Amino acid sequence: MPRYTPEQRALRARDRAKRTILALVNANGGELVGKLRLYKAFYRAHLDYFRATGLELTGYPIVRMPNGPGIDNATDLIDEMRASGDLTEEIGTRGLEFERAYRARRDNLAELDADQLQAVHSAVQWANSLSSAELSEASHQASWHETVNGQEQPILIDALSAEELVARRSEARARLAAVTPANVRA
């Protein structure tokens with residue numbers, strides 16, 4: 001019997017996604033400017049955490065968007081966080097008419113383990129080191145190229161080097177070729 005139902009897993013992933021968004025904002029001194037920057041830091045934190053631990057950071061879907069990976073239903077998540085008082089969102093800051101600034105109303109960094117903290121901090125540092133155009137370009141990795149807009153990206157393949165990805169694809173093709181109609185039971 002599974003430990004959690006699919007619905008319970010989805011709710012747990014949603015809670016972890018909100019906790020990660022809050023952590024990203026807190027790791028940047030309590031304010032993170034730019035929806036694109038938030039989305040890309042969220043994506044990068046997942047990759048960094050997977051590289052360090054072999055585990056998924058949140059289990060929450062990351063979807064393909066025209067400018068790279070995005071947080072699935074991010075507006076809903078942010079609205080829930082605003083309603084709970086954990087986050088504020090201000091539009092039109094710093095003279096940029098449509099830019100968003102996210103501010104954390106509580107510090108949750110102590111809730112994270114060392115690997116999660118490292119992934120969150122390195123993701124924010126990476127996102128802050130690039131312009132918006134560079135962030136978009138840097139996040140157009142293998143998983144982005146293999147999906148269409150609105151589709152969930154299998155982002156963990158982006159954590160693999162090009163050589164590892166080619167080797168794993170070759171292994172998968174070999175396993176598929178070994179499965180012929182003659183050796184598959186009905």
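Quick caveat: nothing in here was measured; it's all calculated off a predicted structure.

Parameters at a glance
- Per-chain numbering applies: the sequence of each chain, read as written, is numbered from 1 onward.
- With the structure being a predicted model, the display of local features is reserved for residues of pLDDT at least 70 and the display and counting of side-chain atom pairs for 80 or more, all residues being used for whole-chain, interface and lining totals.
- The basis for every side-chain value is the complete set of non-hydrogen atoms in the structure, without hydrogens or water.
- Values of pLDDT, which run from 0 to 100, indicate the predictor's confidence residue by residue.
- Runs of E in the DSSP output that reach at least two residues are strands. Runs of H or I that reach at least four are helices, and both are numbered from the N terminus.
- Each Phe, Tyr or Trp ring, with Trp reduced to its six-membered ring, pairs with another whose centre is within 6.5 Å; inter-plane angles below 30 degrees give stacked pairs, above 60 give edge-to-face pairs, and intermediate values give tilted ones.
- Placement of a positive charge over a ring is assigned whenever Lys NZ or Arg CZ falls within 6 Å of the ring centre and within 35 degrees of the normal to the ring plane.
- Given a helix with a known number of residues, its expected span is that number minus one, times 1.5 Å.
- Burial status follows relative accessibility: with a 1.4 Å probe on protein chains alone, a residue under 20% of its type maximum counts as buried, one over 50% as exposed, and anything between as partly exposed.
- DSSP bridges decide pairing: two strands pair if at least two such bridges lie between them.
- Between the N-to-C directions of two axes lies an angle of 0 to 180 degrees, each axis being a line fitted to C-alpha atoms and, for a helix, fitted only over the stretch in contact.
- Contacts are assigned to residue pairs that have any heavy atoms within 4.5 Å of one another.
- Any pair of N or O atoms that falls within 3.5 Å is considered a polar contact. Within protein, one atom must be able to donate a hydrogen and the other to accept it, and sequence-neighbouring residues count only if both atoms are side-chain atoms.
- Throughout this description, any angle smaller than 35 degrees is read as roughly parallel, any larger than 145 degrees as roughly antiparallel, any in the 65 to 115 degree range as roughly perpendicular, and the remainder as oblique.
- By the definition used in this description, the sense in which the near helix is turned from the far one sets the handedness, with an anticlockwise turn below a right angle giving left-handed and a clockwise turn giving right-handed.
- Each residue is assigned to one of three groups, with Ala, Val, Leu, Ile, Met, Phe, Trp, Tyr, Cys and Pro labelled nonpolar, Asp, Glu, Lys and Arg labelled charged, and all others, Gly among them, labelled polar.

(A) Representation of the confidence of the model for the protein within the structure. For the protein, per-residue confidence averages 90 on the pLDDT scale, and residues scoring 70 or more make up 93% of the total. The secondary structure element of the protein with the lowest average pLDDT is helix 7 (residues 162-178), at 82, and the one with the highest is helix 4 (residues 114-128), at 97.

(B) The arrangement of the packing of aromatic side chains in detail. The tally for this structure, following the rule as stated, stands at 0 aromatic pairs. The ring of Trp 144 has Arg 64 sitting right over it, with the charged end atom 3.6 Å from the ring centre.

(C) Inspection of helix 1 (residues 6-27) at higher detail. Over its 22 residues, helix 1 runs 31 Å from end to end, which matches the ideal 32 Å to within 8%, given 1.5 Å per residue. If you check which residues of helix 1 are buried, you get Ala 13, Arg 14, Ala 17, Lys 18, Thr 20, Ile 21, Leu 22, Ala 23, Leu 24, Val 25, Asn 26 and Ala 27. Of the residues trailing helix 1, Gly 29 is marked for its positive phi of about 80°.

(D) Just the sheet that holds strand 5 (residues 100-104), in detail. Reading across from one edge, 1-5-4 is the order of the 3 strands in this open sheet, with antiparallel pairing throughout. The open sheet has two free edges, formed respectively by strand 1 (31-33) and strand 4 (87-91), since each of these has just one partner strand. Neighbour-to-neighbour, the strand axes of this sheet turn through a mean angle of 15°, independent of strand direction. Sheet topology places strand 4 next to strand 5; 5 bridges connect them, and they run antiparallel. When the bridges of strand 5 are listed, Glu 90 appears paired with Ala 101.

(E) A look at the environment of Asn 28. Relative to the helices and strands, Asn 28 is located in the loop between helix 1 and strand 1. Assessed through its relative accessible area of 26%, Asn 28 is described here as partly exposed. Along the backbone, Asn 28 and Leu 38 are 10 residues apart, and their C-alpha atoms lie at a distance of 11 Å. Each residue touching Asn 28, except ones within four places of it in the same chain, is listed here: Val 124 and Asn 128. A polar atom in the side chain of Asn 28 sits 2.6 Å from the backbone oxygen of Glu 31.

(F) Helix 2 (residues 35-53), seen in detail. Spanning 19 residues, helix 2 covers 27 Å between terminal C-alpha atoms, matching the ideal 27 Å at 1.5 Å per step. Inspection of helix 2 places Arg 37, Leu 38, Tyr 39, Lys 40, Ala 41, Phe 42, Tyr 43, Ala 45, His 46, Leu 47, Asp 48 and Tyr 49 among the buried residues, and these make up the whole buried set. Trailing helix 2 by a residue or two, Gly 54 shows a phi angle of about 80°, which is positive.

(G) Structural context of the packing of helix 1 against helix 4. Where helix 1 contacts helix 4, the axes come no closer than 9 Å and their chain directions differ by 60°. The orientation of helix 1 relative to helix 4 falls into the category oblique. Helix-helix and strand crossings are classified by hand; for helix 1 and helix 4 the assignment is right-handed. Listed contacts from helix 4 to Arg 19, Ala 23, Leu 24 and Ala 27 of helix 1 are Gln 116, Val 120, His 121, Ala 123 and Val 124. Class assignment of the residues belonging to the contact of helix 1 with helix 4 gives a composition of 6 nonpolar, 2 polar and 1 charged.

(H) Looking closely at the side chain of Asn 108. With respect to the helices and strands, Asn 108 occurs in the loop between strand 5 and helix 4. Overall, the relative accessible area of 0% leaves Asn 108 in the buried class. Of note is the side chain of Asn 108, whose polar atom sits 3.4 Å from the backbone nitrogen of Ala 23. Aside from chain neighbours lying at most four places away, what touches Asn 108 is Arg 19, Leu 22, Ala 23 and Asn 26.

(I) Up close: the side chain of Arg 14. By the element assignment, Arg 14 lies in helix 1. There is a polar contact of 2.7 Å between the side chain of Arg 14 and the side chain of Glu 80. Dropping the residues within four chain positions of it, Arg 14 is found in contact with Tyr 60, Asp 76, Leu 77 and Glu 80.

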